[in-house]
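Residue-level listing of the chains:
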Amino acid sequence: MTGCLSLENGTVFKGELSPGCNGTVVGEIVFFTGMTGYQEVLTDPSYKDQIVVFTYPLIGQYGINESDSESAEPQVKGVVMLHCPDVYSHYQATSSLKEYLRKWNIPYMTGVDTRQVVKTIRELGSQNACMSSSARIPPSHTLKGQIEQVASAEVSRYGSGSIQVVLIDFGVKKSIITSLVDMDCSVTVMPYDRLELLQKLEPDAIVISNGPGDPKEMGGILPQLKEYILTLPTLGICLGHQLIALALGGNTRKLLFGHRGANHPVIDYGTGRVYLTSQNHNYVVEDESLKGTNLKPRFLNVNDGSVEGLQHETKPILSVQFHPEARPGPEDASYIFEEFYQSIKQPGREKIYA
């Protein structure tokens, strides 16, 4: 069935719409540049309600397996590809990508000129789009409320390590939890809207997770979050990085089309080395807003010079805009978890609560 991908600016791209797709699907359109890792992308809560364009021309060749998902179900609103084969080949695969998307009622389009779609997004910026059987201009309002849909509603625990870490969940990826458990941490995942539980849990450190949407939507919890950030060793990842900056007095802004892919070069001024990183975000911390916060940019994006991570001048507070757990992408930056672990293990450190 012929379908239309209509952008907010009026541009329409045609392709083949997945069978059974009735009505109109609206979401923010973004693009991912990795050659592999589509299963991790589709299930990453940070992509909640977005229509993802895959720039690599062949998506789905190794199928879907039981272990690579970053959450229990797909989070995207729709998928756009040039080609998606019916035949797949991988010893762990249990279904094709098309079967998987149909199972979860996620509409997809193939045969779309994805190169031109991406050029349009890069020129005009991320915007709303709709997928339907006919051309329809999507609404221009900003989509909100994604964090509430993907964050945990209950406290859960993972691992049995000697270090007690509370992970504040705004839409965490499974691989972040796994990385912490592998570092000898006992991880308690806590809903972001129940910060009053933190003191009762008496953790050794906190991690502020990734998640979808505009970090400023969480403005109501920033004063309480600040108390714990300044009290305990803290690691912020992606959205968590942005929330640390906001809580301590910094500011964020929206990029034209965001950073999404598995090969973004980032320089760490702490080591003097450049690492390839996996990224997925629309917003960045403004460098000039950090004056007076005691936060210093430690990581910068080599391509556009944007802030990719912060370190506090006197306290064990570290944040990264990229994903040190990767999934998908290179594991160059996995040392971030080791550095965080060592900051907790410093001799003489005691638990002190606000």
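Residues numbered from 1 in each chain as written. Predicted model: local features only at pLDDT ≥ 70, side-chain atom pairs only at ≥ 80, totals over all residues. Heavy atoms only, no water.

**Some thoughts on the environment of S156**
Here comes step 1: Inspection of the secondary structure assignment puts S156 in strand β8 (residues 156-158).
Here comes step 2: Given a relative accessible area of 22%, S156 falls into the partly exposed group.
Here comes step 3: Once residues within four sequence positions are removed from consideration, S156 is found in contact with V187, T188 and V189. (Helix = DSSP H or I, 4+ residues; strand = E, 2+ residues; numbered from the N terminus. Buried < 20%, exposed > 50% of the residue type's maximum accessible area, 1.4 Å probe, protein only. Contact = heavy atoms within 4.5 Å.)

**Here's the deal with the pattern of salt bridges**
Here comes step 1: Inspection of the entire model under this criterion finds 7 salt bridges.
Here comes step 2: A salt bridge links D86 to K98; the shortest N-O distance between them is 3.1 Å. Here K98 lies in helix α2 (residues 97-103) and D86 lies in the loop between β5 (78-80) and α2, a separation of 12 residues in the sequence.
Here comes step 3: Accessibility expressed as a relative area gives 58% for D86, which makes it exposed.
Here comes step 4: Overall, K98 belongs to the buried group, its relative accessible area being 14%.
Here comes step 5: Across the salt bridge formed by R298 and D268, the nearest N and O atoms sit 2.8 Å from each other. Residue R298 is found in strand β15 (residues 295-301), and its partner D268 is found in strand β13 (residues 252-268); the two are separated by 30 residues along the sequence. As far as burial versus exposure is concerned, R298 and D268 are alike and both buried. (Salt bridge = Lys/Arg side-chain N within 4 Å of Asp/Glu carboxyl O.)

**Considering the UniProt feature "domain: Carbamoyl-phosphate synthase small subunit N-terminal" (unreviewed entry) in the protein chain**
Here comes step 1: This chain's UniProt record puts "domain: Carbamoyl-phosphate synthase small subunit N-terminal" (unreviewed entry) on residues 1-132.
Here comes step 2: When the span residues 1-132 is considered, its composition is 18% helix and 28% strand, and the gap between its end C-alpha atoms is 10 Å. (UniProt positions renumbered as here; feature names shortened; annotations may be inferred.)

**Let's talk about the layout of surface pockets**
Here comes step 1: Put simply, the largest pocket is a space of about 380 Å³.
Here comes step 2: Lining the largest pocket are 29 residues, with E28, Q50, G213, N282 and Y283 positioned closest to its centre.
Here comes step 3: Secondary structure elements with two or more residues in the lining of the largest pocket: β7 (127-132), α8 (239-247), β13 and β14 (273-285).
Here comes step 4: The leading source of residues in the lining of the largest pocket is β14, at 4 residues. (1 Å grid on protein atoms, 1.4 Å probe; cavity = no way out; pocket = protein on both sides within 12 Å on 5 of 7 lines; lining within 4 Å. Points joined across faces, edges and corners; volume = space filled by probe spheres on them.)

**Some details on the nonpolar core**
Here comes step 1: I168 and F170 are the most contacted members of the largest nonpolar core, which has 32 residues in total.
Here comes step 2: Within the residue set of this core, elements represented by two or more residues are β9 (163-169), β11 (205-208), α7 (222-229), α8 and β16 (307-312).
Here comes step 3: It is α8 that contributes the most residues to this core, 6 residues altogether.
Here comes step 4: With 27 residues, the next largest nonpolar core counts L167, V172, I237 and F322 among its residues. (Core = buried A, V, L, I, M, F, W, Y, C linked by side-chain atoms within 4.5 Å.)

**Some details on the sheet that holds strand β1 (residues 2-7)**
Here comes step 1: In space, the 7 strands of this closed barrel follow the order β1-β2-β6-β5-β4-β3-β7, with mixed pairing throughout. Across the sheet, the axes of successive neighbouring strands diverge by a mean angle of 35°, strand direction being ignored.
Here comes step 2: Both strand β3 (residues 25-32) and strand β4 (residues 50-54) contribute to a ladder of 5 bridges, which runs parallel. Across the sheet, residue F32 finds its bridge partner in β4, namely F54.
Here comes step 3: Where helix α3 (residues 114-124) meets the sheet, it contacts β1, β2 (12-17), β3, β4, β5 and β7, and its direction lies at approximately 95° from that of β3. (Pairing = 2+ DSSP bridges. Axes fitted to C-alpha atoms, helices over the stretch in contact; angles between N-to-C directions.)

**Things to note about the UniProt feature "binding site: L-glutamine" (unreviewed entry) in the protein chain**
Here comes step 1: Here the UniProt feature "binding site: L-glutamine" (unreviewed entry) sits at S46, G211, G213, L239, Q242, N280 and Y283. With the annotated positions falling across 238 residues, the maximum pairwise C-alpha distance of 13.5 Å places them together in a single cluster. Restricting the annotated residues to those that line the largest cavity leaves N280.
Here comes step 2: Note on placement: G213 falls in the loop between β11 and α7.
Here comes step 3: Tracing the backbone shows Q242 in helix α8.
Here comes step 4: In this structure, Q242 is in contact with P215, T252, H281, Y283, V284, V285 and Q321, ignoring residues within four places of it in sequence.

**Looking at the domain arrangement of the protein chain**
Here comes step 1: Taken domain by domain, the protein chain holds domain 1 (2-132) and domain 2 (147-345).
Here comes step 2: One C-alpha centre belongs to domain 1, the other to domain 2; they are set 27 Å apart.
Here comes step 3: Taken together, the 27 residues of domain 1 in the interface contact 21 residues of domain 2.
Here comes step 4: Of the roughly 1,900 Å² buried between domain 1 and domain 2, counting both surfaces, carbon and sulfur atoms make up 49%.
Here comes step 5: Its largest share of buried area at the contact with domain 2, domain 1 owes to P45, S46 and E70, together 30% of the area lost on that side.
Here comes step 6: For the pair domain 1 and domain 2, the interface holds 1 salt bridge.
Here comes step 7: E28 serves as the salt-bridge partner of K254, at 3.2 Å between the closest nitrogen and oxygen. (Domains from an automatic or database assignment. Buried area = accessible area lost by both parts, 1.4 Å probe.)

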